[in-house]
Amino acid sequence: GRAVNPKTASDNVSVSLWASFHFSVTLLSLIIILFSHYTAFPHIDLGGNIWYTSYMAFRHSHSLGQNFLSDGNLLSAIAADAELSAGDTAVEVGAGMGALTLRLALTGARVCAYEIDERLKEYLLPLEQAHPNVTVTFGDFMKCDLPPEVSYKAVANLPYYITTPVLFRFLDDPNCFSVTVMVQ
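What counts as what
Residues numbered from 1 in each chain as written. Predicted model: local features only at pLDDT ≥ 70, side-chain atom pairs only at ≥ 80, totals over all residues. Heavy atoms only, no water. Buried < 20%, exposed > 50% of the residue type's maximum accessible area, 1.4 Å probe, protein only. Helix = DSSP H or I, 4+ residues; strand = E, 2+ residues; numbered from the N terminus. Arc of directions from axis to C-beta. Contact = heavy atoms within 4.5 Å. Phe/Tyr/Trp six-rings, centres within 6.5 Å; stacked < 30°, edge-to-face > 60°. Lys NZ or Arg CZ within 6 Å of the ring centre and 35° of its normal.

*Asks:* How should I be thinking about helix 2 (residues 72-82) in this particular structure?
*Replies:* Helical geometry note: an α-helix holds 3.6 residues per turn, so side chains three or four residues apart project in the same direction. Taken residue by residue, helix 2 has L75, I78, A79 and A82 as its buried positions. End-on, the buried residues of helix 2 take up no more than an arc of 95°, which puts them together on one face. Opposite its buried face, helix 2 presents the exposed residues N73, A80 and D81, each directed more than 90 degrees away. Summarising the contacts, the buried residues of helix 2 are in contact with helix 3 (99-105), strand 6 (152-158) and strand 7 (176-183). One or two residues past the end of helix 2 sits E83, with phi positive at roughly 50°.

Below is the structure:
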């Protein structure tokens, strides 16, 4: 037999335990990432019933910087931070699949949502039909008209590359009362 150096043997056990731990953490991270892609989003049918569709069913446009919110706690926090109530008007930029739009609509506020990607009509038009306080405009927010002569609160989940021009548009508008923005 061969003599075993106790220091080397304990180092090998430490390395082995570290590698095992690192592999477990990496595997757990991978599972969380994969699972997050299957998060469901609200979809409202013409009868006003909410059902869910898979996140993977929609192909995101990288050129538009699309990253849809799905975390219910985060959506609730954004809606709460906007401090909306019945009688308020909210201008939402980048309605996406309507998850935040729905949260804003449930506050009772009038919601004017803007979405540049017309492929999302199948998600947003039923939402608009189910909630009379929601109006969706499809087009580039930077080129669309804002609600005239109405004080409003701006709410958005923005890709970082468009954040500055959108914020300046809100800041330049005397009708904008407050801005609640999450930057992707």
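*Asks:* Would you mind going over the packing of aromatic side chains with me for this structure?
*Replies:* Geometry of an aromatic ring pair is reported as the spacing of the ring centres plus the angle between the planes. Under the criterion given, the structure shown has three aromatic pairs. For the pair Y114 and F141, a centre-to-centre distance of 5.2 Å together with 75° between the ring planes defines the contact as edge-to-face. Of this pair, Y114 sits in strand 4 (residues 110-115) while F141 sits in the loop between strand 5 (134-138) and strand 6, placing them 27 residues apart in sequence. Taken together, a centroid distance of 5.4 Å and an interplanar angle of 50° make the contact between F141 and F170 tilted. With a gap of 29 residues between them, F141 in the loop between strand 5 and strand 6 and F170 in helix 5 (residues 160-172) connect regions that are remote in the sequence. We note that F141, like F170, is buried. The lysine or arginine in question, K121, covers the ring of F138, its NZ or CZ lying 5.4 Å from the ring centre.

*Asks:* Where do I start with the side chain of T180 in this structure?
*Replies:* Checked against the element boundaries, T180 lands in strand 7. The exposure class of T180 is buried, given its relative accessible area of 14%. Ignoring sequence-local partners within four residues, the contact set of T180 consists of I78, D81, A82, A154, V155 and A156.

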